[in-house]
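Per-entry structural report
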2 protein chains.
Amino acid sequence: MHRYQSQRTQASFQLHGHPGISMRDSLQTYVNLEQSAPGDAYGSGAIINDFEHEIALELGKQQANFFPSGTMAQQVALRIACDNRAIARVAYHPLCHLQIHEQQGLKHLHRIDSVLLGEPNRLFSLQDLQSAEGVAAVLFELPQREIGGQLPAWDELQKMSDWCRQRGIHSHLDGARLFEILAYYKKTAAQVCALFDSVYISFYKGFGGVSGAILAADRGFMDSAKLWKRRHGGDIFQLYPYVVSAQYNYRLRRDKMPLYWKNALSLAEQLNQIPGISTVPKKPVSNMFHVYFTVDRGLLEASLIEVLQKYDLALLPGSRYDRDNREYFEFWAGDQFSAVDPEVVTQAICFLAAALKREDAI
Amino acid sequence: MHRYQSQRTQASFQLHGHPGISMRDSLQTYVNLEQSAPGDAYGSGAIINDFEHEIALELGKQQANFFPSGTMAQQVALRIACDNRAIARVAYHPLCHLQIHEQQGLKHLHRIDSVLLGEPNRLFSLQDLQSAEGVAAVLFELPQREIGGQLPAWDELQKMSDWCRQRGIHSHLDGARLFEILAYYKKTAAQVCALFDSVYISFYKGFGGVSGAILAADRGFMDSAKLWKRRHGGDIFQLYPYVVSAQYNYRLRRDKMPLYWKNALSLAEQLNQIPGISTVPKKPVSNMFHVYFTVDRGLLEASLIEVLQKYDLALLPGSRYDRDNREYFEFWAGDQFSAVDPEVVTQAICFLAAALKREDAI
């Protein structure tokens, strides 16, 4: 859908994501925070340590440590779990970030093997955990991003956590989008994190920060994590541009997460009323979902462009392809959604539905 | 020297380093660059790619890639050299950054063994390279920071580079302070880098940027380096705060490096005239040198504090201890030096010399 992709960003209104922001505007925001302190140095300094403390408290963990990336934070967490048990094997979902986006860093850097739990197109279950017997750690991704941000029922999650603990298996949470799911579970971050021995959260996804992540766990685990951060080359001279941005956007958007979810629910409900269009999950459990279609691809593209032109509105982001080569849209609701009149959304979706019924499909 | 250490930063004039800068002032500088573009994304975007191209040209290498840290850049370079030769062994100076500051990341992450060349307190020589027969790579650090920033003679350096190439051994340059040595060698960066198959340079040392590094080599090597950067967790969502700062400070200070060297030479010459004080090297070959002393430690501290009080000037930075537990000062000349009247420096050093002669030593 190249035509739609190239035109959609020119629409005045977007439903997907947060507004784009220039480097200058982004940096200007952080200047205005009046950070007159001298910055951090190799992970020390009030700017970084105060924020780590704030997040540790929020997650209910003894210590939190700021990492430049989630890729690094998660490899480090799994390595420590493996070293502690002298087992170089971990288990996770087949579409886990480590499996599909990290060039097999866990294997090539840490020589850790992976057990894939269940099937790619669904969540893994308590039963699937049987194949994880004898691993050092299980990684849980909440929500499971590559399948539209699905979540296990809270009861099932508790049982899976218990299963790991009974076996001395480390449970790690890929909580890149942790704050996006708290409204659905009706839990605090600390209540969710209590099920896991370590947790990673991201500051550039739902929060919209520049970059950066936090890894949190108990003190001994985090002492090891700092060593491994240095070994990875992540103990960077100054992290403050990331930290300032992370803290600012975390505080700005933490309490907006329930609104983002509500907006995602509303859009998904309306899209699912169009024959040939369906969302995964049917009812979103976070601010994200995927949009699949069985209608003609060319007709859908032309219709989305008509909506663009008529309403100055991009209903969906650019499309991508899943592992089965099926085209889909990955939608997540952020600040842009709130700037659009809900009545216009409804009209645009009605228009889209009508356009998709036309006989004269392209 | 805790008393001196705590008081020295309050002096209006400092000879060591660049001025400290608050987070706000630093960020404000980058805002003023009018970066109205949207930033980078996972290593793509004009802001990062243009700078990489600028540095690649400067270093005379086919490709350059921005890394969050030198620790990561150098491990990656050595790993690729080892993989290409199916040899997991590299050689470097006993006080190489990888050996003493990186928690043995090369060993624990990459399972690469190290051969230490020569003795800690001197440069390694062509003769020392004999023990590197059969390694995949030799790392050259120019200047050798932990021994005061020493440099081999250009002829010797050429011979060592030839030695490596004749044996198919990868030669890597730790050029964290590469631009600081060009005036001494009377060479361009590209002429120095031509002796090496890969090179890393830092942007937060002499250049005074926020953080960040560049690794440069030929195209095939750098294609592998990008893969390894992702595996290390260094392929960060947005690197622009580092890149903007690196480019700004690189352009600001590149041509000041000869001045920094001249200032370091002048200070070292004057310090060496004081009995009981000597610099390593005797004549600096870059903007840095180390200061050792045989005079009474308490007397030296009291005298430096007297200079502080009388001239509002900190002649030296805080002290540290070397591997033999000998106390020393690591001095490097940057922008602060130029703000001090040379006549005042001369007077202060005369005063220091006189103070150190007192019989009533503390």
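A brief report on the enclosed structure follows.

Procedures and definitions
Each chain has its residues counted from 1, following the order in which its sequence is written. A letter from A marks each chain and a number from 1 marks each ligand, given out in the order of writing. Local features in this predicted model are restricted to residues of pLDDT 70 or higher, and side-chain atom pairs are both shown and tallied only at a pLDDT of 80 or more, whereas totals for entire chains, interfaces and linings draw on every residue. Computation of side-chain values: all heavy atoms of the structure, hydrogens and water removed. Should any heavy atoms of two residues lie within 4.5 Å, those residues are considered in contact. Throughout, the accessible surface (probe 1.4 Å) given up by two parts as they are put together, summed over both, is called the buried area. Criterion for a salt bridge: a side-chain nitrogen of Lys or Arg within 4 Å of a carboxyl oxygen of Asp or Glu. A run of DSSP states H or I qualifies as a helix once it reaches four residues; a run of E qualifies as a strand once it reaches two. Both are numbered from the N-terminal end. The copies are overlaid by a least-squares fit using only the C-alpha atoms of residues whose pLDDT is at least 70 in both copies. Categorising residues by exposure relies on relative accessible area from a 1.4 Å probe, with only protein chains included: less than 20% of the type maximum marks a residue as buried, more than 50% marks it as exposed, and the intermediate range marks it as partly exposed. Strand pairing is assigned whenever DSSP identifies at least 2 bridges connecting the two strands. Angles shown run from 0 to 180 degrees and are taken between the N-to-C directions of axes, each axis being a line fitted to C-alpha atoms and, for helices, limited to the stretch in contact. The length a helix should cover is 1.5 Å for every residue beyond the first. When the near helix sits turned anticlockwise from the far one by under a right angle, the crossing is termed left-handed; a clockwise turn instead gives a right-handed crossing. Put simply, Ala, Val, Leu, Ile, Met, Phe, Trp, Tyr, Cys and Pro go in the nonpolar bin, Asp, Glu, Lys and Arg in the charged bin, and everything else, Gly too, in the polar bin. In this description, one arc is meant: the one made by directions from the helix axis to the C-beta atoms. Any pair of N or O atoms that falls within 3.5 Å is considered a polar contact. Within protein, one atom must be able to donate a hydrogen and the other to accept it, and sequence-neighbouring residues count only if both atoms are side-chain atoms. When two cysteine sulfur atoms are found within 2.5 Å, that pair is recorded as a disulfide.

Moving on: the interface of chain B and chain A. Of the residues lining the interface, 50 residues belong to chain B; the matching set on chain A comes to 50 residues. The junction of chain B with chain A conceals about 4,500 Å² of combined surface from both sides, 60% of it contributed by carbon and sulfur atoms. The interface formed by chain B and chain A includes zero salt bridges. The set of elements that each furnish at least two residues to the side of chain B that touches chain A consists of α2 (23-31), α4 (70-85), α6 (105-110), α10 (219-232) and α11 (240-253) of chain B. The element contributing the most residues to the side of chain B that touches chain A is α2(B), with seven residues.

Another point: the relation of the copies chain B and chain A. Applying a rotation about an axis and a shift along it to one chain copy brings it onto the other copy. Once chain B has been moved 0.0 Å along the axis and rotated by 180°, it coincides with chain A to within an RMSD of 0.0 Å. The two molecules are tied by a two-fold rotation axis, judged by turn and shift. Taking C-alpha positions as the reference, the residue of chain B nearest the rotation axis is L109(B), at 2.6 Å. Both copies present the same face, since 100% of the interface residues in chain B are matched by interface residues at the equivalent positions in chain A.

Right, let's talk about unusual backbone geometry for a bit. Put simply, V280(A) and P281(A) share a cis peptide bond, and its omega is -5°. By the secondary structure assignment, P281(A) is in the loop between β9 (277-280) and β10 (288-293). Phi is positive for N325(A), which is not a glycine, with a value near 65°. Residue position: N325(A) is located in the loop between β12 (319-321) and β13 (327-332). Its identity as a non-glycine residue notwithstanding, A86(B) has a phi of 55°, on the positive side. In this structure, A86(B) sits in the loop between α4 and β3 (89-92).

Residue and element names in this part refer to chain A. Counting buried positions along strand β6 (residues 170-174) gives five out of five residues, so the element sits mostly inside the fold. Taking every second residue as pointing to the same face, both faces of β6 are buried, with H170, H172 and D174 on one and S171 and L173 on the other. With three bridges joining them, β6 and strand β7 (residues 198-202) adopt parallel strand pairing. Bridge pairing in β7 links H172 to S198.

Now for the sheet that holds β10(A). Residue and element names in this part refer to chain A. Pairing is antiparallel in the open sheet, where four strands are placed in the order β9-β10-β13-β12. One side of each edge strand has no neighbouring strand; the edge strands of this open sheet are β9 and β12. For this sheet, the mean inter-axis angle between neighbouring strands, taken without regard to orientation, is 40°. In this structure, β9 lies alongside β10, joined through four bridges in antiparallel fashion. In the sheet register, I277 faces β10, and the bridge partner there is F293. Most of the contacts of helix α12 (residues 257-271) go to β10, to which it runs at about 15°, and overall it touches β9, β10 and β13. Here helix α13 (residues 297-311) sits on the sheet in contact with β9, β10, β12 and β13, set at roughly 35° to β13.

Let us now look at α13(A). Three- or four-residue spacings in an α-helix give side chains the same orientation, since the helix completes a turn every 3.6 residues. All names here are of chain A. The terminal C-alpha atoms of α13, which comprises 15 residues, lie 21 Å apart, in line with the 21 Å expected from a rise of 1.5 Å per residue. By the burial criterion, the buried members of α13 are L299, L300, E301, A302, S303, L304, I305, V307, L308 and Y311. Against α1 (2-8), β9, β10, β11 (313-314), β13 and α14 (342-356) lie the buried residues of α13. Residue D312 follows α13 closely and has a positive phi angle near 55°.

Attention now goes to the packing of helix α13 (residues 297-311) of chain B against helix α14 (residues 342-356) of chain B. All names here are of chain B. For the pair α13 and α14, interaxial distance at closest approach is 9 Å and the crossing angle is 145°. In terms of crossing hand, the pair formed by α13 and α14 is right-handed. Contacts between α13 and α14 involve L299, L300, S303, L304, E306, V307, K310 and Y311 from the former and V344, Q347, A348, F351, L352, A355 and L356 from the latter. Partitioned by chemical class, the residues of the contact of α13 with α14 number 11 nonpolar, two polar and two charged.

Time to look at α14(B). All names here are of chain B. Relative to the 21 Å expected for 15 residues at 1.5 Å per residue, α14 spans 21 Å between its end C-alpha atoms, a close match to the ideal helical length. Listed as buried for α14 are V345, A348, I349, L352, A353, A355 and L356. Burial along α14 is one-sided: seen end-on, the buried residues are contained in an arc of 165°. At the N-terminal boundary of α14, the capping side chain belongs to D341, with an oxygen 2.9 Å from the backbone nitrogen of E343.

Let us now look at the environment of V307(A). Residues and elements named next belong to chain A. Within the fold, V307 resides in helix α13. Separated by 49 residues in the primary sequence, V307 and P258 have C-alpha atoms spaced 28 Å apart. Discounting residues that sit within four places of it in the chain, V307 has contacts with D312, L313, L315, A348, F351 and L352.

So, on to the state of the cysteines. Residue and element names in this part refer to chain A. A full pass over the atoms with the stated rule returns zero disulfides over all chains. C164 supplies the cysteine sulfur nearest to C193, a cysteine that is in no disulfide, at a spacing of 15 Å. Note on C193: relative accessible area 0%, which makes it buried.

On to the environment of R85(A). Residue and element names in this part refer to chain A. For R85, the location among the structural elements is in helix α4 (residues 70-85). Classification of R85 as partly exposed rests on a relative accessible area of 28%. In the structure, R85 is positioned 166 residues away from R251 in sequence and 37 Å away in space, judged by C-alpha atoms. Setting aside residues up to four positions removed in sequence, R85 forms contacts with A136, G168, I169 and H170. At 3.5 Å, the side chain of R85 forms a polar contact with the backbone oxygen of A136. A distance of 2.6 Å separates the side chain of R85 from the backbone oxygen of G168, its partner in a polar contact.

With that settled, consider the pairing of strand β10 (residues 288-293) of chain B. Residues and elements named next belong to chain B. Most of β10 is tucked away, with six of its six residues classed as buried. Judged by which residues are buried, β10 turns out to be covered on both faces: M288, H290 and Y292 on one side and F289, V291 and F293 on the other are all buried. Where β10 lies against strand β13 (residues 327-332), four bridges are found, and the strand directions are antiparallel. By the bridge assignment, H290 is partnered in β13 with E330.

Everything listed is a geometric property; what it means functionally is a separate question.
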